[in-house]
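What follows is each chain in one-letter form.
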Amino acid sequence: MTSSRAGSPDSQPAEQTTTAARPLSAHPPKISAERARKFGSWYYAEHALKVMNGYRWTLLAYSVGNPVMYLFAMGVGLATLVDSNSAESVFGGVSYLAFIAPALLSSATIMTAATEFTYPVMDGFKWRRVYYGPHASPLAVHQIVNGYIIAISLRLFLMSAVYFAIVAAFGASPSAWGSVAIVVAVVCGLSFGLPLMAYSASITEDKGQFALVMRFIVTPLFLFSGTFFPLETLPLGLRWIGWISPLWHGTELGRVLTYGYAEPLWLSAVHVIYLVALALLGWVLARRVYERRLGK
C-alpha cells in the first residue's frame, strides 16, 4: 500500500489547499450604522472629493490658473512699471510683486469658495437633491454639512499650497513665516464661504441671486479690499468696504507673514478674530438651515 509523503499536497486538509481569497462581506447593519455615526463627516467628505476628482483638471485650471495669470499680469508685468517709479515707499518698502502676492492668494480662496458654496449647495436641495440620500442613511445633518466643508477646505488648502509655491519661487515671500499664509488664506475663504453656504441653502428658486452675489459683493471686495493698492489710498467713504471685507483682513495677515508688513499686534489679532468669527457664524447658520430643509 502506497502512503502519501508528509508535507505532500494530498496530505493537507482541503481547506488549506484552497488559495483563493474569501469574498469580502459587508458589515452588519448595526456596525455600519455605528461607523457612520462616528465617521459620517469623513464619509461625506470622501464622497465630495471623489465628485470633484471627476473634473480635477478644470478645478486646477480655474483655481490656480486664474491667480497665476493675475500674478504675471499685475505682479510681474505691471510691477516693472510700478517699481521703476520708486513706488516702494507706497507699498511698505517692498516690491509690488511681494505686496500683491498675499492678496491674490486670499482672493483665490474667496473666489473658489464663492463657486463651491453657491450652485453646488443649491444643487444638493433642488436639482439632483444629493443631500437626501445620505440623510436617509445614519448620517446626521451636521455630518453632511461638516463633510462638505472638510472637502472644500482640503481643496482650498491644496490650491493655496500650489499657488504659494509659485509665489515663493518668484521670491515674493522672503519671510520664514510665509507658509503660514496658506492657512490664513483657507480661513479667509471659509469666512466668506460659510455664510454664503447658509444663504445658498436657504434659496428655493434660482432667480439670479448668485449672479448678483458675484457682481455686487465678490467683485467690489476684490477691487476695494487693498488688493492692488493700500486701503489708505482710497477715499474715506470707500474704506469701509475693506474694513468689513474678509479679503482685506486675510490680505493684511498674509502680508505680515510673507514679508513682515508692519502693523500693530492688536490689529493682527482683530484680523484673526474677525475671520474666525465669520467662519463660525456661517457654520452655525448653515447647520440650522440644513436641518430645517432636510427635516421637512
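Data block above holds the structure.
Thresholds applied
- Per chain, the residues get numbers from 1 upward, laid out in the order the sequence is written.
- Selection of residues for local features in this predicted model requires a pLDDT of at least 70, selection of side-chain atom pairs for listing and counting requires 80 or more, and totals for whole chains, interfaces and linings are taken over all residues.
- The basis for every side-chain value is the complete set of heavy atoms in the structure, and neither hydrogens nor water enter the calculation.
- Site definitions follow a grid-based scheme: protein atoms alone, a 1 Å grid, a 1.4 Å probe that fits but cannot get out for cavities, and for pockets an open set with protein on both sides within 12 Å along at least five of seven lines, plus lining residues having an atom within 4 Å of a point.
- Grid points are joined across faces, edges and corners, and a volume is the space filled by probe spheres set on the points.
- A run of H or I in DSSP counts as a helix once it spans at least four residues, and a run of E counts as a strand once it spans at least two, with each numbered from the N terminus.
- For this classification, Asp, Glu, Lys and Arg are treated as charged, while Ala, Val, Leu, Ile, Met, Phe, Trp, Tyr, Cys and Pro are nonpolar and the rest, including Gly, are polar.
- Between rings of Phe, Tyr and Trp, where Trp is taken as its six-membered ring, a pair exists when centres lie within 6.5 Å; planes separated by under 30 degrees are stacked, by over 60 edge-to-face, and by other angles tilted.
- Type-normalised accessible area, obtained with a 1.4 Å probe on protein chains alone, sets the label of each residue: buried when under 20%, exposed when over 50%, and partly exposed for intermediate values.
- The criterion is that NZ of a Lys, or CZ of an Arg, lies within 6 Å of the ring centre and within 35 degrees of the ring normal, and then a charge sits over that ring.
- The salt bridge definition used is simple: a Lys or Arg side-chain nitrogen within 4 Å of an Asp or Glu carboxyl oxygen.

Colleague: Help me get a handle on the layout of surface pockets, residues and values and all.
Modeller: Roughly 370 Å³ of volume is contained in the largest pocket. Those elements that place two or more of their residues in the lining of the largest pocket are α2 (29-53), α3 (56-84) and α7 (141-169). Its residues assigned to classes, the lining of the largest pocket comprises eleven nonpolar, two polar and two charged.

Colleague: Any chance you could break down the packing of aromatic side chains for me, citing the residues and the numbers?
Modeller: Per the stated rule, a full pass over the model turns up ten aromatic pairs. Between F222 and F228, the aromatic rings sit 5.3 Å apart at their centres with planes inclined by 80°, giving edge-to-face as the arrangement. Assigned by exposure class, F222 and F228 land together as buried. Here Y259 and Y261 contribute two aromatic rings whose centre-to-centre distance is 6.4 Å and whose plane-to-plane angle is 70°, an arrangement assigned as edge-to-face. The exposure class of Y259 is buried, given its relative accessible area of 12%. What makes Y261 partly exposed here is its relative accessible area of 23%. Through a chain of ring-to-ring contacts, three or more aromatic side chains come together here, namely Y44, F125, Y131 and Y290. When the ring centre of F99 is taken as reference, the NZ or CZ atom of R255 above it lies at 3.6 Å.

Colleague: If you had to explain the pattern of salt bridges to someone new, which residues and values would you point to?
Modeller: Inspection of every chain in the model, using the stated rule, returns five salt bridges. For E116, the salt bridge is made with R155, and the minimal N-O distance between the two is 2.2 Å. Of this pair, E116 sits in helix α4 (residues 96-116) while R155 sits in helix α7; the two residues are 39 residues apart in sequence, bridging distant segments of the chain. Assigned by exposure class, E116 and R155 land together as buried. Measuring nitrogen to oxygen at the nearest pair gives 2.8 Å for the salt bridge that ties R128 to D123.

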